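A closer look at the structure
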Amino acid sequence: GTEGVLLAWLSNTTCAVVLVIVAFSGVLLVDKTCNSSGIPQLVALLNGCDNRTHFDWKPFLIKVVGVTCACASGLCVGPEGPMIHIGACCGYLTQKWIALPAARYLGKLVDEDILLRDYVAIGAGCGIAAAFRAPIAGTLFVVEEAASHFDREHLWRIFLGAVACFEVVALCTSHGFYTTTYEVTTGDGCANFYFISTYIFFFALIGVVCGLFGALFNSINARVTVFRVQHINHSSFRRIVDIMILTLLSSTAVILLPQLTPDEPASSARVLEYSNGCISPDLQAQIVTGATIVWNDGTEIRPPMDHYAAIADTLYPVSNSTSSGSAAQLHYWPSPCLFGVMYSPALCGWLRDESTSPNKEQCINAVGKLSTNRDYCCGFDSKESFTSGHFYTPGQNYRHGEPVTNVGCPLFLDTERWPATRSAEVPLDSKNLHNNTETLFNPMAALALIPSEDAVRNIFARGTPLIVPLWPMLVFFPVYFILAAVTAGSVIPSGLMLPMMIMGGMIGRIVTVLVVQMQTSLSLAHANSARENEWGISFLPLLQVIPTDKLFGYSGLYDPGVGAIVGAGAFMGGTGRITLFLVVMLVEVTGDPKMIFPLALASIIAVLVADLWNHGLYHTLVYIQSWPYLDDKWPSKLFGMYRCIDAIPRDREEQLVPVITLQAFESRAIIQRALTSTHHGFPVISGDSVMIGLVLRRQLEELLASDESASLNLGPVMDYYPVTVPSGLPIDRAYRMFTALDLRHLVIVNHLSQPLGVITRSSLLPWRYDVHEQSQSVNATFRVQLSTGASLMQGNASGGHSQHNRASVFESAADQSVQMARPWRSGSHSQIGRRPESRPSLPPTTPDAGDGSGSGTRQSEMAAV
């Protein structure tokens, strides 16, 4: 009643609010950068941004507590993103506390940057392996999505770490046995794509739909994130109000949506309607009582009852080779309630000879022309059940001699996965299931009122096409879609992979159910007569009594469970623009390798469709959060339009701002004055201003601390072989050099080898040159950060420049035309490193350590750490 619903809402909301308060407390009180999933920070780190503070022990603890409470609160979030970040934190702490001190103790020369990146990448792969029990997918996630560059040696290290993590999880949760996270029914007849041409069109259709919804999801989430930056994130109170509103909305949806659909009886006729026979073992055990082994020579063996469960692995025939070389098939014996008729010389003989029930004649006549054969009659479970009026005829069930609406076998569904909104009586005696009261389930509650992991399992369920009807999914999907889009990025640590699987699975299942309804209405599918050979030989005469569409086998009908898996992969591809990782991950978590082609086709199409609209979600968040992420390639539309000299700032008179340089022998006062700037790299020149080297901020600080002289010699600490480029070099070539050679600084010189400026990672961000490179929402995010003086993450700015410089650059870029290479105005970024309190940025790849020869790249990088 209404009072029960109100009580349920109050209790659920109270628990959710308490959990959410615990989830965001660490974020607001300790570290404001620990909200969201942490994947953008990981992508930025492995691309070369030095944001290692986001992976220390404080973010680790906040993420562990926060994501645990956030997922338990019932919000539309998942644990996978934060688990990846938690794994990366474990990798960083292992490098910081164990690997690096051990290497130094043993006297080994190691590059801290490379060691950091290796361990963080290994930890991220372990996070995926722990979240999904998918070690191969964990390795591919780092390769495809997180890391910008990779090498083969690092590949096997990540895989080894992911496998070790997977085994630890198995030992802790499954006693060392391998179990798939979202296992689906497999075997002959399951996910068999007989009409490949029509299936290709079907998978492509799901890919297109999921690509469109994936791009829409990215757009909504980006706009909501920008809105939070503009109006919410600068105030802790507003952030609390934001998450509390989302908590109330989510709790209300969870409680009220199931009230829109009535509870339904869990019968075989209802649950297995239009089934293709790919039935899960727990349902199969309730509709099959045993099996007969039939050899090709006609020999028939009916094993003891206690062997039925071991033999009846699937409703499809299973061929077994024997020592004599002959083959055998399993012919199954249906439960009496399944079709309403049965073959039983003992029970049917007792009915004819001894029973005095008034329902006796009705039961005998239920088998039609076989009514004269004493071995056949209607279905009932025992003599006692028939005497009490419990029996089954084709198309009708009877209780106490009266017909009931529940046709078929009353099935027992796991009430944890298939709950009812009112008290449902459940069978107490599993050995005599069909004499007990029927169970009830609520299709909407099977989506909204259960943990997200169980919701994914229900959506992926095969062999039960209409167990979740169409309209509950059409109601639940937009509500969940909007809540997931606006909850992501709020003040709590949370991820999106599990919500993506739910949303994509629902899209795929909705599309497939629509196709199934079209097939049935247009008679494009028919009962599979081959299934007649699957039932016991003595039962075959009854097939003339049973309609062929009741045999649980259809040729040509699509399985919504298959469509759901394809939709989940396609939607994740449409949002994250990833393919290889998600295909392998879904194959690992479902245990069905037949899904490789459908998943690959749908995800690739989804990526192509979504790319027409916007960028991938995680890379969009990287830009929104102002990380100086460098993509693999310079934008093709900007090729040849800018030169390196255009990256040098100019004053109000359009003159180049002089670069800060030092002499090889420099006074302490001048060095201290240079360190008051925001730069992290300083060209070293000779007496005639010719460049002879490069020295980094940290090296100067260490030199000042170790030498008290008034004049200092920079020779022992500077890099004699910095990479230099002429001022007229196209900036797209400088971009390729910067990413390919793992550079941190690129010095611009004139024809006399005199330094004009220093290019850093932030100098090469494409949006500085093309105002249309990023979406308006991203630009708006930058504007808000510039005006408020605080980044989205409210931590150390990772762009390698101050907020003032950021504002000047953005405004000048917005004003200039992209038709010609106009010089940058005063305040723009060129010779700019990080702010003094930040550490220098990391190189973007993991090359082999060099000896400092050649370009001197590795020497400068190692000295910078």
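What comes next concerns the included structure. (Residues numbered from 1 in each chain as written. Predicted model: local features only at pLDDT ≥ 70, side-chain atom pairs only at ≥ 80, totals over all residues. Heavy atoms only, no water.)

If you look at the biggest cluster of nonpolar residues, it comprises 137 residues, and the most contacted ones within it are L42, F141, F460, M501 and F581. The biggest single contributor to this core is helix α20 (residues 497-521), with 13 residues. Excluding residues within four positions of it along the chain, F460 makes contact with Y182, V184, M501, R509, G561, A564, I565, A568 and T590. (Core = buried A, V, L, I, M, F, W, Y, C linked by side-chain atoms within 4.5 Å. Buried < 20%, exposed > 50% of the residue type's maximum accessible area, 1.4 Å probe, protein only. Helix = DSSP H or I, 4+ residues; strand = E, 2+ residues; numbered from the N terminus. Contact = heavy atoms within 4.5 Å.)

This part is about unusual backbone geometry. Located in the positive-phi region is R133, a residue other than glycine, with phi close to 55°. Structurally, R133 can be placed in the loop between α5 (112-132) and α6 (135-146). By relative accessible area, which is 18% here, R133 ends up buried. Even without glycine at this site, Y274 takes up a positive phi of about 60°. Along the chain, the position of Y274 falls in the loop between α10 (268-271) and α11 (281-287).

On inspection of all chains with the given rule, the structure shows 25 aromatic pairs. Aromatic side chains F202 and Y558 sit 4.5 Å apart centroid to centroid with 65° between the ring planes, which places their arrangement in the edge-to-face category. Remark: Y558 occurs in the loop between β13 (554-555) and α21 (560-576) and F202 occurs in helix α8 (residues 196-231); sequence separation between them is 356 residues. Here the aromatic rings of F339 and F539 are separated by 5.9 Å at their centres, their planes lie at 35°, and the arrangement is tilted. Residue F339 is found in helix α13 (residues 336-339), and its partner F539 is found in the loop between β12 (526-527) and β13; the two are separated by 200 residues along the sequence. Through pairs of rings, three or more aromatic residues link up here, namely F213, F217, F477, F481 and F571. (Phe/Tyr/Trp six-rings, centres within 6.5 Å; stacked < 30°, edge-to-face > 60°.)

The next subject is the pairing of strand β21 (residues 755-759). When you tally the buried positions in β21, you get four out of five residues, the bulk of the element. Relative to β21, strand β20 (residues 746-749) is paired through four bridges, and the arrangement is antiparallel. Opposite I748, over in β21, you have G757 as the bridge partner. (Pairing = 2+ DSSP bridges.)

Okay, the environment of V271 next. Among the secondary structure elements, V271 is positioned in helix α10. According to the relative accessible area criterion, V271 is buried, its value standing at 0%. For the pair V271 and I467, spaced 196 residues apart in sequence, the C-alpha to C-alpha distance is 5.1 Å. Beyond its immediate sequence surroundings of up to four residues, V271 is in contact with A266, L283, L411, L413, F441, T464 and I467.

Turning our eyes to something else, we now look at helix α19 (residues 470-487). Given a rise of 1.5 Å per residue, 18 residues ought to cover 26 Å, and the 26 Å separating the end C-alpha atoms of α19 matches this to within 8%. Those residues of α19 not exposed but buried are L470, P472, M473, F476, F477, Y480, F481, L483, A484, A485, V486 and T487. G489, located one to two residues past α19, shows a positive phi value of around 95°. (Expected span 1.5 Å × (residues − 1).)

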